[in-house]
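# Structure assessment
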Amino acid sequence: SADEGATIYYTLDGTDPTAQSTQYAGTAFEITGTTTVRAIAIKGDDKSSVASATFTAIPSFATIAAMSALANNAVFAFTGEALIVAKPTAKHVFIKDETGSSLVYDNSGELTEAAAVGKTIAANWTGKVSIYKNLFELVPDKAIAVKDGDAVSVTYPEVTVADLTAENVNKVVTLKGITSYTVDGKYIAIKIGETDVVGYNQFGLE
């Protein structure tokens, strides 16, 4: 209220505030879940209209495995740390922790600008899940910070064609045993012994 001498009262239970409700002390107060804050200013017999705002809690997850179970468009706060294992383009960053791997997709290329292979993404960033053409992606909603310190050396596990399964989606690996391959645009026909595999060059790499 802009009126000098007015007192603000508020509620957190969805009811309209009155002069018997909690008085606002002028400092921050804490809420611990999704909450609607309703407030009113009172000066003598004069009352303002009730102002209302709902604050939605964002579920937090400490591991990539936990986030990988989320549905499309689910919002999240990631409280763990993750190693950056690959950055094939400015928009795509592959990360991993001890529980799993994921792709971070940044359409602008600006929110993951600080990401570099071998660096660690700092905890406490937010975003939403996008499942695009069956590919699981984490889409940040603000710039992701990386921890200070030198980048570590990143190695990729060696796998065979038998390991190319949905369970290993977004895991960056070295595919062993390739005997030949041909490229047709973004598609790659790969031969591994007697097995033929079709690869998709998502990032148009040469």
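Shown above is the structure to which this text applies.
We now turn to the structure provided with this report.

Criteria and thresholds
Residues numbered from 1 in each chain as written. Predicted model: local features only at pLDDT ≥ 70, side-chain atom pairs only at ≥ 80, totals over all residues. Heavy atoms only, no water. Helix = DSSP H or I, 4+ residues; strand = E, 2+ residues; numbered from the N terminus. Rg over C-alpha atoms; globule rule 2.2 N^0.38 Å. Buried < 20%, exposed > 50% of the residue type's maximum accessible area, 1.4 Å probe, protein only. Salt bridge = Lys/Arg side-chain N within 4 Å of Asp/Glu carboxyl O. Patch = residues over 30% accessible without salt bridge, like charges linked within 9 Å, V, L, I, M, F, W, Y side chains within 5 Å. Areas by Shrake-Rupley, 256 points an atom, 1.4 Å probe, with all protein chains shown as cover. Pairing = 2+ DSSP bridges. Axes fitted to C-alpha atoms, helices over the stretch in contact; angles between N-to-C directions. Phe/Tyr/Trp six-rings, centres within 6.5 Å; stacked < 30°, edge-to-face > 60°. Lys, Arg positive; Asp, Glu negative; His and termini not counted. Polar contact = N/O pair within 3.5 Å; in protein donor to acceptor, adjacent residues only side chain to side chain. Contact = heavy atoms within 4.5 Å.

### Concerning the overall build of the protein chain
Looking only at helices and strands, the protein chain features one helix and 18 strands. The C-alpha atoms of the protein chain give a radius of gyration of 25 Å, which is well past the 17 Å a tight globule of 206 residues would have. Overall, the protein chain is about 85 × 35 × 30 Å in size when its C-alpha atoms are taken along their principal axes. Within the protein chain, the fraction of its 206 residues that count as buried is 29%.

### Side note on the pattern of salt bridges
In the structure shown here, the tally under the stated rule is four salt bridges. Where aspartate 16 meets arginine 38, a salt bridge forms, and the shortest distance between an N and an O atom there is 2.5 Å. You can see aspartate 16 sitting in the loop between strand E1 (7–11) and strand E2 (22–23) and its partner arginine 38 sitting in strand E3 (residues 35–43), a full 22 residues away along the chain. For aspartate 16, a relative accessible area of 48% translates into the label partly exposed. Note that lysine 191 and aspartate 196 form a salt bridge whose closest N and O atoms lie 3.0 Å from each other. According to the relative accessible area criterion, lysine 191 is partly exposed, its value standing at 29%.

### Re a nonpolar patch on the surface
Nonpolar side chains collect at one region of the surface, where Leu12, Tyr24, Phe29, Ile31 and Phe55 lie side by side and expose about 410 Å² of accessible area between them. Looking at the element boundaries, phenylalanine 55 is found in strand E5 (residues 51–55). What makes phenylalanine 55 partly exposed here is its relative accessible area of 44%.

### Comments concerning the sheet that holds strand E17 (residues 187–192)
As summarised here, the arrangement of the three strands in space is E16-E17-E18, forming an open sheet in which the pairing is antiparallel. Of all strands in the sheet, those bounded by a partner on one side alone are strand E16 (180–184) and strand E18 (195–200). On average, adjacent strands in this sheet sit at an angle of 20° to one another, irrespective of strand direction.

### Quick notes on the packing of aromatic side chains
Aromatic rings in a pair are described by how distant their centres are and how their planes are angled relative to each other. Scanning all chains against the criterion turns up seven aromatic pairs. Here the aromatic rings of phenylalanine 94 and phenylalanine 203 are separated by 6.0 Å at their centres, their planes lie at 85°, and the arrangement is edge-to-face. Of this pair, phenylalanine 94 sits in strand E9 (residues 92–96) while phenylalanine 203 sits in the segment after E18, placing them 109 residues apart in sequence. Pairwise contacts between aromatic rings join Tyr10, Tyr24 and Phe29 into one cluster.

### Focus: the side chain of aspartate 106
Structurally, the position occupied by aspartate 106 is in the loop between strand E10 (101–105) and strand E11 (120–121). For the buried residue aspartate 106, which engages in no salt bridge, the nearest side chain bearing the opposite charge is lysine 87, 7.1 Å off. Of the polar contacts made by the side chain of aspartate 106, one reaches the backbone nitrogen of threonine 112; its length is 2.9 Å. Not counting the four nearest positions on each side in its chain, aspartate 106 is found in contact with Lys91, Leu111 and Thr112.

### A closer look at the pairing of E3
Sheet topology note: the E1/E3 ladder contains five bridges and is antiparallel. Each residue of the ladder has a partner; that of isoleucine 8, found in E3, is alanine 41. Here E3 pairs with E5 via five bridges, running antiparallel. Looking across to E5, one finds that valine 37 is bridged to alanine 53. As paired strands, E3 and strand E4 (residues 46–47) are joined by two bridges and run antiparallel to one another. By the bridge assignment, lysine 43 is partnered in E4 with aspartate 46. What sits between E3 and E4 in their antiparallel hairpin is a turn of two residues, with glycine 44 showing a positive phi close to 65°.

### Quick notes on the sheet that holds E9
If you walk across this open sheet you meet the eight strands as E6-E7-E12-E13-E10-E9-E8-E11, and the pairing is mixed. Both outer strands of the open sheet, strand E6 (60–61) and E11, are each paired with one neighbouring strand and no more. Looking at chain direction, E6 and strand E7 (residues 75–78) are connected through two bridges and run parallel. Looking at E7, one finds that phenylalanine 61 is bridged to phenylalanine 78.

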